[in-house]
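# Commentary on secondary and tertiary structure
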Amino acid sequence: MAKRLFFVVVLLILALPCFAGENGSERKAFRAQQKAKLVDFQQQMKVENQHFRESTKGMSPDDKMAARKAHYEGRFDDRKAMREKMYKENKDFLMQRLSKNKELTAEQKSELIKSFEEQYDENVSFRDKQHREFVEFFTKTASNPSMSVEDKKAAIGAHREELSKENKDHHQEQKSERKELRGKIKEEMRAVDSKKSDQ
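Read on for an overview of the structure. (Residues numbered from 1 in each chain as written. Predicted model: local features only at pLDDT ≥ 70, side-chain atom pairs only at ≥ 80, totals over all residues. Heavy atoms only, no water.)

### Brief notes about the pattern of salt bridges
- One pass over the structure, following the stated rule, counts 15 salt bridges.
- Glu26 is paired through a salt bridge with Lys100; the nearest N and O atoms lie 3.6 Å apart. Taken together, the residues span a long stretch of sequence, with Glu26 in helix H2 (residues 24–55) and Lys100 in helix H3 (residues 61–100) at a distance of 74 residues.
- Put simply, Arg75 and Glu48 hold a salt bridge, and the shortest N to O gap is 2.7 Å. One end of the pair, Arg75, is in helix H3; the other, Glu48, is in helix H2, with 27 residues separating them in the sequence.
- Its relative accessible area of 10% is what places Arg75 among the buried residues.
- Judged by relative accessible area, Glu48 falls into the partly exposed class, the value being 29%.
- Residues joined by salt bridges that share partners form a network here, namely Glu26, Arg97 and Lys100. (Salt bridge = Lys/Arg side-chain N within 4 Å of Asp/Glu carboxyl O. Helix = DSSP H or I, 4+ residues; strand = E, 2+ residues; numbered from the N terminus. Buried < 20%, exposed > 50% of the residue type's maximum accessible area, 1.4 Å probe, protein only.)

### Notes on the nonpolar core
- Formed by Tyr87, Leu94, Leu98, Leu104, Leu112, Ile113, Phe116, Tyr120, Leu181, Ile185 and Met189, the largest nonpolar core amounts to 11 residues.
- Counting residues per element, the ones that place at least two in this core are H3, helix H4 (106–142) and helix H5 (149–198).
- Considering every element that reaches this core, the biggest residue donor is H4, with four residues.
- Excluding its chain neighbours within four sequence positions, the residues that come into contact with Ile113 are Met95 and Leu98.
- Core analysis: the second largest hydrophobic core is formed by eight residues, Tyr72, Phe134, Val135 and Phe138 among them. (Core = buried A, V, L, I, M, F, W, Y, C linked by side-chain atoms within 4.5 Å. Contact = heavy atoms within 4.5 Å.)

### What about the side chain of Lys152?
- Relative to the helices and strands, Lys152 resides in helix H5.
- Looking at Lys152, its side chain comes within polar contact range of the main-chain oxygen of Ala142, at 2.8 Å.
- In this structure, Lys152 is in contact with Asp62, Met65, Thr141, Ala142, Asn144 and Met147, ignoring residues within four places of it in sequence. (Polar contact = N/O pair within 3.5 Å; in protein donor to acceptor, adjacent residues only side chain to side chain.)

### What to know about a negative patch on the surface
- Side chains of Asp121, Glu122, Glu173, Glu177 and Glu180 sit close together on the surface and give a patch of like negative charge.
- Element by element, the count of residues in the negative patch is highest for H5, at three residues.
- Take Glu180: it is sitting in helix H5. (Patch = residues over 30% accessible without salt bridge, like charges linked within 9 Å, V, L, I, M, F, W, Y side chains within 5 Å. Areas by Shrake-Rupley, 256 points an atom, 1.4 Å probe, with all protein chains shown as cover. Lys, Arg positive; Asp, Glu negative; His and termini not counted. Charge placed at Lys NZ, Arg CZ, Asp CG, Glu CD.)

### Concerning the packing of aromatic side chains
- As enumerated under the stated definition, the model contains five aromatic pairs in all.
- A centroid spacing of 4.0 Å and a plane angle of 5° characterise the contact between Phe30 and Phe93, whose relative ring orientation is stacked. Linking Phe30 in helix H2 with Phe93 in helix H3, this pair joins segments that are 63 residues apart in sequence. We note that Phe30, like Phe93, is buried.
- Between Tyr72 and Phe134, the aromatic rings sit 4.7 Å apart at their centres with planes inclined by 50°, giving tilted as the arrangement. (Phe/Tyr/Trp six-rings, centres within 6.5 Å; stacked < 30°, edge-to-face > 60°.)

### Points about the environment of Val149
- In this structure, Val149 sits in helix H5.
- Assessed through its relative accessible area of 32%, Val149 is described here as partly exposed.
- With 88 residues separating them in the primary sequence, Val149 and Pro61 have C-alpha atoms 7.1 Å apart.

Structure (structure tokens):
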């Protein structure tokens, strides 16, 4: 779920710069660079997770659950730092592209920047909320003496699925908001072009 969430967030962050200029090759190169960074980060996380799993072999189930919780917290912080870094890079790229764009008005540029920042802030809040909920659920479930290890794993897996669905719904809502904003700006641009051609 976390890998999917991270990938979706990066794609969302990369979606707004499409308004920021005419030259698609620069945007494509930037997106490819960002995607490569993400793939490298995910690969590094995968290797570190594998090392962690190997290090927990032979632990008691309770010790293993405690170690997993601590590991999960560390992974969350690592992903959060990576998202923040990519957000800054994407915002810098957006600002650079918008500064070169002569077709959009200052108001439209401001609206795009505001939307970009608001969606990022919403995503940070959403991820933090989901993280707190998961940690609370994990702690409660892991410390429940009436559940077997298999029941605990099943309950945690079901909760992850639930959070994953919430995540998909959240990102679908943001995607719709971006689409609506793009449509609004395109309509405004058409209206301006229409007025110019009528003169």
